[in-house]
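# Fold and contact review
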Amino acid sequence: MNCADLVLVDGHNLLWMAATGTPASVSSRDGSRDLTGIFMFFALLRKAIRENFPSGPEVLVVFDGEMGSAGRKAIDPGYKANRPQETPLPVKNLPDAKRGLDAIGLPWTEIGEHEADDVIASAARHAPGQHCYIFSRDRDFYQLLSNRVQILNTSRPAGQRIITPEEVTRRFHVSPDQWCDRSALVGDLSDNIPGIRGVGTATAARLLADGLHLEDLPASGRLTGRTGEAIAASWQQVLTWRNIARAIDTIELPARPTGEPAPRIPMAAEVIAALDLW
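Here is a short report on the structure shown in this document.

## Let's talk about the pattern of salt bridges
In this structure the tally under the stated criterion is 14 salt bridges. A salt bridge links Glu51 to Lys47; the shortest N-O distance between them is 2.6 Å. Residue Glu51 and its partner Lys47 are both found in helix α2 (residues 36–52); the two are separated by four residues, about one turn of the helix. Given a relative accessible area of 47%, Glu51 falls into the partly exposed group. Given a relative accessible area of 43%, Lys47 falls into the partly exposed group. A cluster of three or more residues bridged by salt bridges with shared partners is formed by Arg72, Lys80, Glu115 and Asp118.

This is how it looks when you write it as structure tokens:
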């Protein structure tokens, strides 16, 4: 039996893209409600599936749990400390996004104590018979790339939207399984991981050349000069940064992928009508 491809949608990432990446606005008929974010959430989702997976894939939308980042913050209080404390506008569309997905019969999941990255990593791991595509602009997912797992980034030009392990190696000179080592050294501003001052992409690639990981560096002879001193002085913190950058792929899911194609996604206007938001 042939299984449908599995598309794992980074729900919060799509909410942000919908709310902040659209030049035009959409309002309710009386002008009292801004519907841009929720309208574009379903418009972008439909467009991505129709244009990239005409054969009809299985689709699972994954949202961050309300306490999803608590575990990593317990390890490093600085993790995502740069994020606004108040609920941003894109996330305020979350309840309507969930209601809309229910209305069209498209499955979604949210596990309270886990981030979407970890749930997506676990879903991909639990679908060994399927080719998986992660619909997201988040580079954190580069660590999951393999011959079976690829990334769909629809903000890129046509023909360049599928990201493969080979592309990551060609562009960044590290393999996907070295991505978190690289993030710990270079930093990741989106997650408030500062990295080591003075270590840029070229230096990280040089340090990790030939497939080395962080634990290989002390005996490699590569930690020389001021850069080597800076890394050695922050060694335990660097290991901590890598730890929090790594996705957890062992989460028990409420339901595992089935291999069955998802129902047709209607036009966004139909979803808004079904939610009685016009």
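What follows picks up the thread again.
## Topic: the packing of α2 against helix α5 (residues 94–104)
Contact pair α2 / α5: the axes reach a minimum separation of 10 Å and the direction vectors enclose 45°. With respect to their mutual orientation, α2 and α5 come out oblique. In this structure, α2 crosses over α5, and the sense of that crossing is right-handed. Every residue of α5 that contacts α2 at Ile38, Phe41, Phe42 and Leu45 is listed here: Asp96, Ala97, Gly100, Leu101 and Ile104.

## Looking at the environment of Val119
Position of Val119 among the secondary structure elements: in helix α6 (residues 116–125). Using a relative accessible area of 1% as the deciding quantity, one classes Val119 as buried. In this structure the C-alpha to C-alpha distance between Val119 and Val62, which are 57 residues apart in sequence, comes to 7.2 Å. Leave out the neighbours within four places in its chain, and Val119 touches Val62, Thr109, Ile111, His114, Ile251 and Leu253.

## Description of the side chain of Arg242
Mapped onto the fold, Arg242 is located in helix α11 (residues 235–245). Here the side chain of Arg242 touches Glu215 through a polar contact of 2.8 Å, side chain to side chain. For Arg242, the residues in contact, after removing those within four places along its chain, are Cys180, Asp181, Ala184, His213, Leu214 and Glu215.

## Looking at the environment of Ile111
Tracing the chain through its elements places Ile111 in the loop between β3 (108–110) and α6. Ile111 sits in the buried class, given a relative accessible area of 11%. Put simply, Ile111 and Ser183 are 72 residues apart on the chain and 25 Å apart in space, counted from C-alpha to C-alpha. Once you skip the residues sitting within four places of it in the chain, Ile111 turns out to touch Gly65, Val119, Ile251, Glu252, Leu253 and Pro254.

## Here we look at the packing of helix α8 (residues 179–186) against α11
Direction vectors running N to C along α8 and α11 enclose 130°, while the axes themselves pass 8 Å from each other. It follows that α8 is oblique to α11 by the angle criterion. Note on packing geometry: the crossing formed by α8 with α11 is right-handed. Residues Cys180, Asp181, Ala184 and Leu185 of α8 pack against Val238, Trp241, Arg242 and Ala245 of α11. Looking at the contact of α8 with α11 residue by residue, the classes come out as six nonpolar, no polar and two charged.

## Comments concerning the pairing of strand β4 (residues 132–135)
Burial of the side chains of β4 extends over both faces: Cys132 and Ile134 are buried on one face and Tyr133 and Phe135 on the other. With four bridges connecting them, strand β1 (residues 6–10) and β4 associate as parallel partners. Looking across to β4, one finds that Val9 is bridged to Phe135. Summarising the sheet, β4 and strand β5 (residues 149–152) pair through four bridges and their orientation is parallel. If you follow Phe135 over to β5, its bridge partner there is Leu152.

## Structural notes on unusual backbone geometry
In this structure, Lys80 is a non-glycine residue whose phi angle is positive, near 55°. Mapped onto the secondary structure, Lys80 falls in the loop between α3 (70–75) and α4 (89–92). Lys80 sits in the buried class, given a relative accessible area of 13%. The backbone phi angle of Asp276 is positive, close to 60°, even though this residue is not glycine. Examined against the element boundaries, Asp276 turns out to sit in the segment after α12 (268–274).

The rules we used
- Residues numbered from 1 in each chain as written.
- Predicted model: local features only at pLDDT ≥ 70, side-chain atom pairs only at ≥ 80, totals over all residues.
- Heavy atoms only, no water.
- Salt bridge = Lys/Arg side-chain N within 4 Å of Asp/Glu carboxyl O.
- Helix = DSSP H or I, 4+ residues; strand = E, 2+ residues; numbered from the N terminus.
- Buried < 20%, exposed > 50% of the residue type's maximum accessible area, 1.4 Å probe, protein only.
- Axes fitted to C-alpha atoms, helices over the stretch in contact; angles between N-to-C directions.
- Parallel < 35°, antiparallel > 145°, perpendicular 65-115°, else oblique.
- Left-handed = near helix turned anticlockwise from the far one by under 90°.
- Contact = heavy atoms within 4.5 Å.
- Polar contact = N/O pair within 3.5 Å; in protein donor to acceptor, adjacent residues only side chain to side chain.
- Nonpolar A, V, L, I, M, F, W, Y, C, P; charged D, E, K, R; others polar.
- Pairing = 2+ DSSP bridges.

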